[in-house]
Each structure stands twice: as structure tokens, then as C-alpha cells.
Amino acid sequence: MSRLTRTDLSALPAYVPGAIVPGAIKLASNEVPYGPLPGVVEAVAEAIAGSHRYPDMGVVALREAIAARLGVDADRVATGCGSVALTEHLVKATCQEGDEVMFAWRSFEAYPIITAGAGARAVPVPNDAGHGHDLDAMAAAVSARTRLIFVCNPNNPTGTALTREQLDGFLDKVGPDVLVVLDEAYREFVDDPAVPDGVTTYGDRPNIAVLRTFSKAWGLAGLRLGYLVAAPEVAAAVRKVTTPFSSSGVAQAAGLAALAADDEMRRRVALVVAERARVAEALGKLLPDGVAVPPSQANFVWLPLGEQTAAFARACAEAGVIVRAFHPEGVRVTIGTPEENDTFLAAARSALA
Ligand SMILES: *Cc1c(COP(=O)(O)O)cnc(C)c1O
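About the thresholds
Residues numbered from 1 in each chain as written. Predicted model: local features only at pLDDT ≥ 70, side-chain atom pairs only at ≥ 80, totals over all residues. Heavy atoms only, no water. Helix = DSSP H or I, 4+ residues; strand = E, 2+ residues; numbered from the N terminus. Polar contact = N/O pair within 3.5 Å; in protein donor to acceptor, adjacent residues only side chain to side chain. Pairing = 2+ DSSP bridges. Axes fitted to C-alpha atoms, helices over the stretch in contact; angles between N-to-C directions. Contact = heavy atoms within 4.5 Å. Parallel < 35°, antiparallel > 145°, perpendicular 65-115°, else oblique. Left-handed = near helix turned anticlockwise from the far one by under 90°. Nonpolar A, V, L, I, M, F, W, Y, C, P; charged D, E, K, R; others polar.

**Here we look at the side chain of Thr 146**
In this structure, Thr 146 sits in strand β5 (residues 146-152). At 3.4 Å, the side chain of Thr 146 and the side chain of Glu 100 are in polar contact. Polar contacts involving the side chain of Thr 146 include one to the main-chain amide nitrogen of Ser 143, which spans 2.8 Å.

**Re the sheet that holds strand β7 (residues 208-213)**
If you trace the seven strands from one edge of the open sheet to the other, you get β2-β8-β7-β6-β5-β3-β4, paired in mixed fashion. Looking at which strands have only one partner, the edges of the open sheet turn out to be β2 (77-80) and β4 (121-126). Averaged over all pairs of adjacent strands, the angle between their axes in this sheet comes to 25°, without regard to strand direction. When β2 meets strand β8 (residues 226-229), the two strands line up antiparallel, connected through four bridges. If you follow Ala 78 over to β8, its bridge partner there is Leu 228. Relative to strand β3 (residues 100-105), helix α4 (residues 110-117) is tilted by about 165°, and along the sheet it contacts β3, β4, β5 and β6 (179-183).

**What to know about the environment of Ala 47**
By secondary structure assignment, the location of Ala 47 is in helix α1 (residues 40-48). In sequence terms Ala 47 and Gly 249 are 202 residues apart; their C-alpha atoms lie 6.5 Å from each other. Apart from the residues within four sequence positions on either side, Ala 47 is in contact with Gly 249, Val 250 and Ala 253.

**Structural notes on the packing of helix α2 (residues 60-70) against helix α9 (residues 249-260)**
With their axes 9 Å apart at the nearest point, α2 and α9 run at an angle of 25° to one another. With respect to α9, the axis of α2 lies roughly parallel. For the crossing formed where α2 meets α9, the hand is left-handed. Contacts from Ala 61, Leu 62, Ala 65, Ile 66 and Arg 69 of α2 reach α9 at Gln 252, Gly 255, Leu 256 and Leu 259. For the contact of α2 with α9, the class distribution of residues is six nonpolar, two polar and one charged.

What follows is the structure, given as C-alpha cells:
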């Protein structure tokens, strides 16, 4: 047994990325299928010309653009190398050895990994029968050691979303001394008005941080850029523990260009949202009795196939469609272009026949 690294890491699950299979249709990582937004490639090319220099470590222009868009002060914004890096910085900024990080389970697979990596204790709380957060059970599980709670809204991988009414009640029970992180990676795909925008709804609560990403609706997954909006002290603490220069100059330029193309972003999101309804309805007719697709507010759908999960994903792969299996719970399928979705539905039809 090597003494070079922490022995407790052997118990840690590894992050499983969506598979990349040349020639296959990839519906495994919740990307939007339409390429970078207009203007992004040009902005990246221009930024590359300056890539022998360090980027702006303060990320001033981009943070100001994000802040202006959201109507908040720039000192409330921190950026990271993907919002997944910010989840890690948030744990680092709130937890000492043995402190507790709570999250629903199943939810974003990075949460337990970054929690353990920071030496904090993970408190996973099983989802309710509808595959969404069980907020009563989560509130009941808060202890004197709880420092941070991730609330993934909409939830990855189940697509379920919490309403303002549900969240209000939960936040009142949790109280002001625990940081609640609303992970809104899929906010742009939400079309149910009962689901709150964390920034506008809870911006005045100092113990709420909202995480957003450029990887999904904004089409920049490959450049690694996310941000959080929080109270100035929390944002400052996160910036303090962030690896220096972790938002690259290319990512900063791409983020600015993407924000300038938000009409096109919205157009693409509308296509995805329309397809989401079509795919969910078609799947509903194919699934066995007793299995239903939970209503999704994200750019993917969840098929709670239980023990059939791995076999279903394998059958899809054989038909040239890569989906994301969480055996033995279910399969998450990203909404792609209409043609990609048709290919997936045909594969699903034969797999479930
Ligand atoms: C995809 C995703 C993220 C962020 O991804 P980054 O690419 O690191 O910005 C964060 N949270 C959830 C729930 C996600 O699904």
C-alpha cells in the first residue's frame, strides 16, 4: 500500500464522463447540439493571439457583463473553471475537516466526489418517489456540523424541479447559518413559472449562492466556464480559494461573446424545450407499466428503468446512440436535434419492445 497519497481516496467513486464514441450520436453529457454561438469562434481566435500572456485574474470584464445581465453588483460574482470547480471552491470556503455537506441523491455525481476530496462528510438524502429532492428529509437531516447544502434545481440526472413554495419552506427551516447552493446549471431550460430564478428570488438572502454554467445552454462545455452569484463575502471567499488564473483568457473572451449572442441562445433553448416535450411523450408510450418519465425542466429526460438500465444503454449504443446509464437506477438521455432524437426513439422502441 502506497503511503504517498491519502488512503481514504480509495473509497471515492471516480467521475464518469459521458462516453465519446466516434461517429455515434452523443446524448450523454447534456450539451446543446448546435455548436458554439455566433461570434464565439472569432472571439476565441482573437484571444488565442494573446495567449502568451496571463489572463485577467480578476475576470473583470466578464464578471461585469454577467452582473449587468443579472442586475447585481460584480462583487457578488465569481467565475470558475466550469461550475463544477466552483462547487469544489464552495466546499473549501465553508468546510473544515469533518463538517457536513448535504445533497439529494441521486443528484449531480460531482457532489460526493468533491465533498470527500475536501475532507468533509457527505450527507446524501434519498430522493422522493417522484425522483425529486425530499426537502422535508433534507431539512430534518441538518445538524450542527452542516455547513453547505447543494440543491440542484432542476436536478441532474432526474430533470425534476422545485417550486418557489417548496424552496421557501425549506430555506426557512434550514435557517441563516448554512450556505444553500442552488445549482442552476439548467436554468435556461426552465419553462415552469413556479420554478424560481435563484438570483432574482433569493438574491437578498446572504446564505444563498446560485451556480450557473456556460457549458449547457451557452454551448461552451469544452472551454470550462461557470459562475456563482452570492453575497459579497461569500463570493470573495470563493475567489480567495480559487486556483489562480483558472478562468483562461480564451474562456473569458468566449463567455463575453456568448453573452452577446443571447437571442440565438434563447432560440436554441426553445428548440430543445419543444423537443423535450415530444421525446418525453413518445417515451411515455414505450415504457413498461409502472415506469414514467418524471416531468423534466432541463435538457434531458430520466428513464427510471431500474435493473434494465445497463441493457437499455447497451442497446442504444449498438444503435449508435450514447446515453448515460446510472445502473441500477435509470438512464439519462440528453435532448439533441430532432433527427438525433428520432434515432434515439427508434433505438428505445426496439430496446423496450
Ligand atoms: C453540467 C453541470 C454542472 C456544470 O458543469 P461545468 O461544465 O463544470 O460548468 C454543474 N452542475 C450540474 C448539476 C450539472 O449538470
